Amino acid sequence: MNIVVLAKQVPDPEAFVEIRGDGTGLEIEPKFATNLFDEFALEEALRIREKHGGKVKVVTLGGGKATEVLRTGIAMGADEALLLDDPAFFDGDGYATALALSRAIKKDPFDIVLCGKQATDDDRGEIGPMVAQFLNLPHVGGITKLEIADGKATAESPVEGNKAVVEVPLPAVFTTAKGLNEARVPLITGVMKAMKMQIPKATPSELGLSQEELGKAGSKVRIERYLPPKKRAGVRLITGDAAEAAAEAVRILVDETRVI
Amino acid sequence: MERLLIFVETKGDRPRKVSMELLSEGQKLRTQGYAVEALVMGKASEALKQEVLPCVDRLVSLTDAVLQSYTAEGYALALANHVRSINPKLILAGATQIGRDFLPRVAVMLGAGIASDATEIRWKEDPVKIIRPVHGGRALSQVSFLNYPAIITTRPNSFPLEAQAGTPGEYVEKDAAMSVEDVKAKVVKVEEVTKGKVDVTEADVIVTGGRGMKGPENFVMLEELAALLGGVVGATRSVVDAKWRDQQDQVGKSGKTVSPKLYIAVGLSGAIHHIMGMDTSKVIVAINKDEKANIFNYADYGIVGDLFEVVPAMTQDIKKRLGK
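First, a word on what this report is: a plain description of the structure on this page. (Residues numbered from 1 in each chain as written. Chains lettered and ligands numbered in written order. Predicted model: local features only at pLDDT ≥ 70, side-chain atom pairs only at ≥ 80, totals over all residues.)

**Observations regarding the sheet that holds strand S5 (residues 58-62) of chain B**
Residues and elements named next belong to chain B. Which entries qualify depends on this criterion: Paired strands, as defined in this entry, are two strands with at least two bridges between them according to DSSP. Counting from the N terminus, the helices are the DSSP runs of H or I reaching at least four residues and the strands are the DSSP runs of E reaching at least two. Helix axes use the C-alpha atoms of the stretch in contact, all axes being lines fitted to C-alpha atoms, and the angles between their N-to-C directions lie in the range 0 to 180 degrees. We call two residues in contact if the C-beta atoms placed from their backbones are at most 7 Å apart.
Here seven strands make up an open sheet; going across it, the order is S7-S11-S6-S1-S4-S5-S12 and the pairing parallel. Edge strands, defined here as strands with exactly one partner in the open sheet, are strand S7 (113-118) and strand S12 (170-174). For this sheet the average axis-to-axis angle between neighbouring strands, irrespective of direction, equals 20 degrees. In terms of strand pairing, S5 meets S12 through five bridges, oriented parallel. Looking at the pairing, Leu59 lines up with Tyr171 of S12. Together, strand S6 (90-94), S7 and strand S11 (150-154) form the strand contacts of helix H4 (residues 97-110), whose direction differs from that of S11 by roughly 170 degrees.

As structure tokens, then:
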């Protein structure tokens, strides 16, 4: 089984996010973490390899700290990594990013592609299904269980309160959700290996892509500016003993805010 | 005339609430020079037609057998083919698990832009601007499309439900000429885990319990309050991890993002992961015995007190108010 994991380094959920004065960008505190949903993808890939043999390759797109997610993957036990860090790849929308990643996946034969159901920074959740479409493969989204047997995969995915069990022939793409597994903590030997590893890269031309198809130039959606979220007025504390406070809260909800 | 296409997602034989929110939006836009069409997978029930037709000029139902169960490939191909035949400017769908799962494929098929999980659409601006939360709601991103058609999925509970009576549009059933070979995924079965239950993403009222509930048995108290308000019970990550509540009810970064009219946070501290999933709620009430709990920084109203006293007292008061 050759398994490709698409993973992304994202700002730590606790990092401060501020909008630049002119609204053109975000200032984000430089604290990073592996995208939560991608951890499930990495873990699942390793479990499949442990059971069925094969190789796990981690792929990411981005500059600077982006490469850290590849080292995390290697430290956890992945065999190979691939970095797309040419600036032409950057600042793309889901479409341009998925196009680049799908070409990177196709570089070598593969059976399974796993990625988190969404990244916790852009919150787009578009990459998995788009990559599947670019590769003309089936996908199952937000899976919580995956079994591989006889060239087929059976996946469970919760859909609006129901649980769907879906069978797909391989190769196929799966996006991972919470509940699939618990990601392992890398062993120190893995961390050492990851630190020493030379990370291979791929350029746009090696993927058969022109600058116009990539990043901002290849995007269909333009980010015009960032706006602050609606601020609440600040909490109004309701005082008194439990009965008094409860009665006052109910009065406010019924008479003032009219939400009941 | 510019055309809009609204994908109608169903629950049982009725449109989902988020689809009705978009249809309400569509009904308004019909009076502003848009032609509004809707698409539903499978034969439309009478109940669905009654709700949808007053909002649109035309509702098309695709009756192919391969569309009977949801698969991303099947739905995406059917929708993309339909878009090619009617050439709308924008395609709108709810940002539900299904909507967010198959519309990115449609975007690739059509070479179209997609804005996922939008909370606002500014129709009057040219080009149309879409607002969508990023970084778990800590900033909003304003985006527009560079070409059309383009796709928008909208977060449930973000647009008002205000469809009115109106002249019903036309209803058409169509065979999309899809074959089984078009879909490689096979749905083996669909288990109804929570039959008839409203999903947290679509609930108007959510009462969420955290670790302060002390044990799964105490959630009965929240169930009672939620039921009284026509709402549902949500759960924090730690409560789900402790197996007190089902994963489907988890609100927050690794669970679901919700925007109800009323969110009552009971015995939960308000970890940033949780805030990210509920910060767009209209009114937030927090009940916690720790006055320093972070949840109070995000609430409209707060009660510092023992939830085991406050919650039953609120339930009693609401019963009185509602005459129950």
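**Points about the interface of chain A and chain B**
Let me state the cut-off plainly: By the convention adopted, Pro, Cys, Tyr, Trp, Phe, Met, Ile, Leu, Val and Ala count as nonpolar, Lys, Arg, Asp and Glu as charged, and the other residues, Gly among them, as polar.
Listed as interface residues are 69 residues of chain A and, on the opposing side, 81 residues of chain B. The element best represented in the side of chain A that touches chain B is helix H6 (residues 242-256) of chain A, accounting for ten residues. Per-class residue counts for the side of chain A that touches chain B are 40 nonpolar, twelve polar and 17 charged. With six bridges connecting them, strand S12 (residues 162-169) of chain A and strand S13 (residues 186-192) of chain B associate as antiparallel partners. Within S13 of chain B, the position partnered with Lys163 of chain A by the bridge is Glu191 of chain B.

**Notes on the packing of helix H2 (residues 68-76) of chain A against helix H5 (residues 188-196) of chain A**
Residue and element names in this part refer to chain A. Rule in force here: These descriptions rest on fixed angle ranges, namely under 35 degrees for roughly parallel, over 145 for roughly antiparallel, 65 to 115 for roughly perpendicular, and the rest for oblique. Crossing handedness is read from the near helix: turned anticlockwise from the far helix by less than a right angle, it gives a left-handed crossing, and turned clockwise, a right-handed one.
Where H2 contacts H5, the axes come no closer than 7 Å and their chain directions differ by 140 degrees. Here H2 lies oblique to H5, going by the angle between them. In this structure, H2 crosses over H5, and the sense of that crossing is right-handed. Between H2 and H5, the contacting residues are Arg71, Ile74, Ala75 and Met76 on the first element and Gly190, Val191, Lys193, Ala194 and Met195 on the second.

**Considering the sheet that holds S12 of chain A**
Pairing in this open sheet of four strands is antiparallel, and the strands run S10(A)-S11(A)-S12(A)-S13(B) from one edge to the other. With partners counted over all chains shown, the strands left at the sheet margins are strand S10 (145-149) of chain A together with S13 of chain B, one partner each. Mean inter-strand twist for the sheet, computed between neighbouring axes without regard to direction, equals 15 degrees. Pairing geometry for S10 of chain A and strand S11 (residues 152-159) of chain A, over five bridges, is antiparallel. Bridge pairing in S11 of chain A links Ala149 of chain A to Lys152 of chain A.

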